[in-house]
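# Commentary on secondary and tertiary structure
Single-letter residue listing:
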Amino acid sequence: MKYNFDQVINRRQTASKKWDTLQEHFGTDSITPMWVADMDFLSPAPVIEALRERADQGVFGYSIRTDSYLTSIVDWFKRRYKWSIEKEWISHSPGIVPALSLIIHSFTQPGDKVIVQSPVHHAFYRVLKLQGREVVENPLRLENGRYTMDFDDLEAKLDSTVKMIFLCNPHNPVGRVWNKEELTKLGEICMKHNILVVSDEIHCDLVFKPHTYVPFASISEEFANHSITCIAPSKTFNLVGLQTSGIIIQNADIRTKFEGAVNAFSLATPNYFGIVALESAYRHGEDWLNQLLDYLQGNLQLLTEFFHEHLPEIKVIQPEGTYLAWLDFRDFNLDREELNQLVLEEAHIGFDDGPIFGSGGEGFMRMNFACPRSVLEKSLQQLKQAFTLLEKV
Ligand SMILES: Cc1ncc(COP(=O)(O)O)c(C=O)c1O
């Protein structure tokens, strides 16, 4: 089946965080939202069909994770990434961020330090701070338009008060798909210092060729035994509202502790529709995903060429995965407020403001390009107009 990602879907007044909180968040409704990380596309047809069938049945009782559900996760990772996991290793969490909160609660104490590699997903900071943990940044290094990990800085920051690292693989917002060599180096340092690696792999299926996703825990038995991997079909198939993820933990002691927290907070019962969506997506969504990746790559190429030709001062950090472009506006020498004002009031676009991703975010903005091409083209024209005005002033 050929999917039509060009279709423009009106998402306003659907209780959408991305579309229906613009006034509250940006102070205006009259902008194109390119912020919150969900996509403006329909999910795969087999997923919609499976959900419709379940809705038509009409009884919305408590649900369980069936053997077939767990097998669909195992098969997906085996087939696509040659990563062998056991059904028993997969714990439930409604979302990845709730899982991170439970992990913090279970494996660290107030005042303990946790490493994050900034700039990184803003929720990492939020959940750590809300539980009184100390965030230690191990900033990524930007050289020649590409981000890499700073292993010397990491090693220098590890002492007995550091308990954990939040790895983001692939990395939101800079779009790196960490390769095996980088992950191995990171893992070796963490193993040496007895640091638990929590690998958020929510974007793992959104990877552009020739890059390949390497699950951190797949690299060695040692890494698998000292890590927690967070996966979900939510970003991949645009199902974030259905709140269904899998937390893969090989080490039985770590898993028991994590599941203790899931039960203590009564989060073990999965969402009735979420389990249907996950299983149908992993079983029947691959064709859609392959077409999506082509479409996203087309969007990425379009925006890269556009900026290169019309607004060369705005540098696009080339994402190797995700549908998020990390844009470098530093050549304009604008302060945070001026940049936000220009993008919002002159270009009429809602981006995510770089500094919310921690240090290294100043002068950057994150653009969600998972939208129909016509919307992207219009937004690029608006940006061109706004920044060309600036150049003339
Ligand atoms: C790296 C990363 N982790 C987690 C999330 C959100 O996960 P969830 O909605 O499952 O809590 C996002 C959303 O953008 C993300 O980019």
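For the structure given in this document, a descriptive report is provided here. Numbers given for residues are sequential positions, taken from 1 along each chain in its written order. Given that this is a predicted model, residues contribute local features only at a pLDDT of at least 70 and side-chain atom pairs are listed and counted only at 80 or more, while totals for whole chains, interfaces and linings are drawn from all residues. Only hydrogens and water are set aside when side-chain values are computed; all heavy atoms of the structure are taken into account.

## A few points about the pairing of strand S15 (residues 364-368)
We call a residue buried when its accessible area falls under 20% of the maximum for its residue type, exposed when it is over 50%, and partly exposed in between, using a 1.4 Å probe and counting protein chains only. Secondary structure follows DSSP: runs of H or I at least 4 residues long count as helices, runs of E at least 2 residues long count as strands, and numbering of each begins at the N terminus. For S15, a buried count of five out of five residues is recorded, marking the element as mostly surrounded by other parts of the structure. The side-chain alternation of S15 yields two buried faces, one formed by Phe364, Arg366 and Asn368 and the other by Met365 and Met367. For two strands to be treated as a pair, DSSP must find at least two bridges joining them. Where strand S12 (residues 324-328) lies against S15, five bridges are found, and the strand directions are antiparallel. Bridge pairing in S15 links Ala325 to Met367. Bridging between strand S14 (residues 352-353) and S15 involves two bridges; their strand directions are antiparallel. Residue Asp352 lies in a different strand from S15, and its bridge partner there is Arg366.

## Section: the pattern of salt bridges
What counts as a salt bridge is simple: a side-chain nitrogen of Lys or Arg found within 4 Å of a carboxyl oxygen of Asp or Glu. Enumeration over the complete set of coordinates arrives at 20 salt bridges. With a closest N to O distance of 2.6 Å, Lys192 and Glu155 form a salt bridge. Placement of the pair is Lys192 in helix H8 (residues 180-192) and Glu155 in helix H7 (residues 151-157), with a sequence separation of 37 residues. Residue class for Lys192 comes out exposed when judged on its relative accessible area of 61%. Residue Glu155 is classed as partly exposed on the basis of its relative accessible area of 29%. Residue Asp352 is joined to Arg366 by a salt bridge in which the shortest nitrogen-to-oxygen separation is 2.9 Å. With Asp352 in strand S14 and Arg366 in strand S15, the pair connects residues that are 14 residues apart, well separated along the chain. The exposure class assigned to Arg366 is buried, which follows from its relative accessible area of 2%. Ionic contacts of the salt-bridge type, sharing partners, join the residues Arg11, Lys18, Asp38 and Asp40 into one network.

## Quick look at helix H6 (residues 122-130)
Listed in full, the buried residues belonging to H6 are Ala123, Phe124, Tyr125, Val127 and Leu128. For H6, the elements touching its buried residues are helix H5 (96-107), strand S3 (113-116), strand S4 (134-137), strand S7 (162-168) and strand S8 (196-200). Looking one or two residues beyond H6, the residue adopting positive phi is Gly132, at roughly 70°. Contacts are assigned to residue pairs that have any heavy atoms within 4.5 Å of one another.

## Quick look at the nonpolar core
Definition of nonpolar core: a set of buried residues of the types Ala, Val, Leu, Ile, Met, Phe, Trp, Tyr and Cys, connected through side-chain atoms within 4.5 Å. Ranked by size, the top nonpolar core spans 74 residues in total, and within it Phe77, Leu303, Phe351 and Phe387 carry the most contacts. The element contributing the most residues to this core is helix H12 (residues 286-310), with 10 residues. These domain limits were set by an automatic method or by a database of domain assignments. If you count residues domain by domain, this core takes at least three from each of domain 1 (17-44 + 286-386) and domain 2 (60-284). Among residues more than four places away in sequence, those in contact with Leu303 are Val316, Ala325, Met367, Phe369, Leu376 and Leu380. One finds Val120, Phe124, Tyr125 and Cys230 within the second-largest nonpolar core, a separate group that totals 30 residues.

## Regarding the pairing of S7
Remark: a regular strand shows side chains that alternate across the two faces of the sheet. Counting buried positions along S7 yields six of seven residues, so the element is predominantly enclosed. Both S3 and S7 contribute to a ladder of four bridges, which runs parallel. Bridge pairing in S7 links Lys113 to Val162. Two strands pair when backbone bridges link them, and S7 and S8 are joined in this way by five bridges, in the parallel orientation. Of the residues in S8, the one forming a bridge with Met164 is Leu196. Each parallel crossover has a hand, and the one from S7 via H8 to S8 is right-handed. Orienting the strands away from the viewer, one traces the path from the first strand over the helix to the second; a clockwise path indicates a right-handed crossover.

## A word on the sheet that holds strand S10 (residues 245-248)
With mixed pairing, the seven strands of this open sheet are ordered in space as S2-S10-S9-S8-S7-S3-S4. Each edge of the open sheet carries a strand with a single partner, namely strand S2 (90-93) and S4. Each strand of the sheet is rotated relative to its neighbour by a mean of 25°, with strand direction disregarded. Sheet analysis places S8 next to strand S9 (residues 227-231), joined by four bridges and oriented parallel. Bridging from a neighbouring strand, Ser199 pairs with Thr229 of S9. Here the axes come from fitting lines to C-alpha atoms, over the contacting stretch only for helices, and the angles between their N-to-C directions go from 0 to 180 degrees.

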